[in-house]
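What follows is each chain in one-letter form.
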Amino acid sequence: MDAAAAASPAALVEDRRVHRRVYTDPAIFALERRRIFGRAWLYVGHESQVPAVGDFFTTALAGQPVVMVRQADGGVLVLFNRCAHRAAIVAPERCGHTETFRCAYHGWTYRLDGALQSIPRAGDYAGTGFERGAPESRMRKLPRVAAYRGFVFASLADTGPDLAEFLGPAAANLDNMVERAPEGALEIAGGCFQTLQRNNWKIYLENLHDGAHAAIVHQSSFEAAKRAAAAAPDALTRFRAEVVAANSQTYEQMEALEVACHGYGHSDMKGFRRQSSREPEYLDYVARLESRLGAERAAEVLDTQRHNAMFYPGMSVHPVFMQLRVILPLAPELTRIDIWVLRMKGAPDWMHRRNIAFANTVHSPSSIVKADDLEAYARVQGGAAAEGGDWVSLHRGAGAERPDGAGTRSTALSEAYIRNQYRAWSAYMDGAP
């Protein structure tokens, strides 16, 4: 490693290539957790997961255990899931309901806002220097918490851009998801898939808009899917097969898909799975949407087709099929992805069943599409650890991006969105805003 790269992590990233250490070096990974995931706005959960006072949901941000909980005033707080006494996890469950948080180790009890409520044998602390009302004697609040249209985000950093600035133009993808619901609201429905991937978290993000890999990586699965679609006995089975078969898009078709790059590393890609239909069930859904938005606005919402949107560094959504993916880096070569399905309030049940079918087909551990991708990710990770070369190319489509306000536009055959991710990576890792 040259002296410049040793002095600055950003020296590992050039405009059109990155050093393989960004995928393999434990020291780089530790810095990423502190400087990227420790400063960016990260998705915590959806407000629908804590509908009533005392409802809570637990997760981790940058490796830190946190709990999202509904307050008596209707607000949502995010607390560090840690007892102020001996540091035990207070809420070990994924979700639940409580009137107070009680640590199972020594019985310290906290109110829903994290304030210390009671201690067994409180007199034992008299004259010890322990202060019951001190900030360190409570479950601490995260420095910053904010919600956008029901999506709750938090930051471990005291300062930085507010959530609206951070999301920027990429927020339109969340808007589109909410506007697709006839009642103008979404809710998390059911549990999630949790998948462990033997690859660095950035390898997963780098594949999200990669239109050049589909015809190669998914060749065996989409050929089988085409045959299954032709023989499907019912509409839902045919839908599942067609979802897989859609990966057979030609290079020319992929080049027609626009990818927009935004600030802070975010990006989104136009979709290729159209949802229009003349079936009575679909027309009923459109009528429900038009009753709230009007015909013109409803058509505008439905015509906005995006395959996926990526909110750097830790969240991706598929607006059309209501998929939400949370990226949780665990180690340089290990990443957990949590996949949730959102229900559109007021939409027909068949639409939610279809969206669940999409998740099962594309995201589940048994998915033939997922198996293709996981194999490719593992091979990239293995190659990055090898000494056959130090640099990884990001040259594809370089120089062909079209300026668009503060961002750029390219196609699904360009690696422009990956270069956009690494510009954000470099800024975070070198301490810039």
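Provided above is the structure to which this section pertains.
What comes next concerns the included structure. (Residues numbered from 1 in each chain as written. Predicted model: local features only at pLDDT ≥ 70, side-chain atom pairs only at ≥ 80, totals over all residues. Heavy atoms only, no water.)

1. Quick notes on the overall build of the protein chain
The helix and strand tally for the protein chain stands at 15 helices and 23 strands. Here the protein chain has a C-alpha radius of gyration of 23 Å; the compact-globule value for 433 residues is 22 Å, and the two agree. Burial status across the protein chain gives 52% buried among its 433 residues. Here the contacts in the protein chain between residues at least 6 apart in sequence split such that 65% fall between residues at least 24 apart. As displayed, the protein chain offers around 18,900 Å² of accessible surface, 51% of which is attributable to carbon and sulfur atoms. For the protein chain, the separation between the mean place of its 49 positive charges and that of its 49 negative charges on side chains is 3 Å. (Helix = DSSP H or I, 4+ residues; strand = E, 2+ residues; numbered from the N terminus. Rg over C-alpha atoms; globule rule 2.2 N^0.38 Å. Buried < 20%, exposed > 50% of the residue type's maximum accessible area, 1.4 Å probe, protein only. Contact = heavy atoms within 4.5 Å. Areas by Shrake-Rupley, 256 points an atom, 1.4 Å probe, with all protein chains shown as cover. Lys, Arg positive; Asp, Glu negative; His and termini not counted. Charge placed at Lys NZ, Arg CZ, Asp CG, Glu CD.)

2. Examining the sheet that holds strand 6 (residues 76-80)
Here four strands make up an open sheet; going across it, the order is 6-5-4-7 and the pairing antiparallel. At either end of the open sheet lies a strand with only one pairing partner, and these are strand 6 and strand 7 (95-97). Neighbour to neighbour, the strand axes of the sheet diverge by 25 degrees on average, direction disregarded. One ladder, built from three bridges, connects strand 4 (residues 55-61) with strand 7; its direction is antiparallel. Counterpart to Phe57 in the pairing with strand 7 is Cys95. (Pairing = 2+ DSSP bridges. Axes fitted to C-alpha atoms, helices over the stretch in contact; angles between N-to-C directions.)

3. With respect to the sheet that holds strand 3 (residues 42-46)
Ordered in space as 3-12-11, the three strands form an open sheet in which the pairing is antiparallel. Of all strands in the sheet, those with a lone pairing partner are strand 3 and strand 11 (144-148), marking the two edges. Ignoring strand direction, the axes of neighbouring strands in this sheet form an average angle of 30 degrees. Where strand 3 meets strand 12 (residues 151-155), four bridges bridge the pair, whose relative direction is antiparallel. Opposite Gly45, over in strand 12, you have Val152 as the bridge partner.

4. A word on the nonpolar core
In terms of nonpolar packing, the biggest core is built from 91 residues, with Phe151 and Trp425 touching the most fellow members. Apart from the residues within four sequence positions on either side, Phe151 is in contact with Tyr43, Gly45, His46, Ala146, Leu174, Val178, Leu186, Met315, Leu324 and Leu342. In terms of nonpolar packing, the next biggest core, distinct from the first, is built from 17 residues, Val69, Tyr110, Leu112 and Leu116 among them. (Core = buried A, V, L, I, M, F, W, Y, C linked by side-chain atoms within 4.5 Å.)

5. Considerations on unusual backbone geometry
Between Tyr312 and Pro313 the backbone carries a cis peptide bond, its omega angle lying at 5 degrees. Here Pro313 lies in the loop between strand 17 (306-311) and strand 18 (315-318). The phi dihedral of Ala62 falls on the positive side, at around 50 degrees, and the residue is not glycine. Turning to its location among the elements, Ala62 is positioned in the loop between strand 4 and strand 5 (64-70). You can call Ala62 buried: its relative accessible area is 17%. Unusually for a residue other than glycine, Arg149 sits at a positive phi of about 55 degrees. By the secondary structure assignment, Arg149 is in the loop between strand 11 and strand 12.

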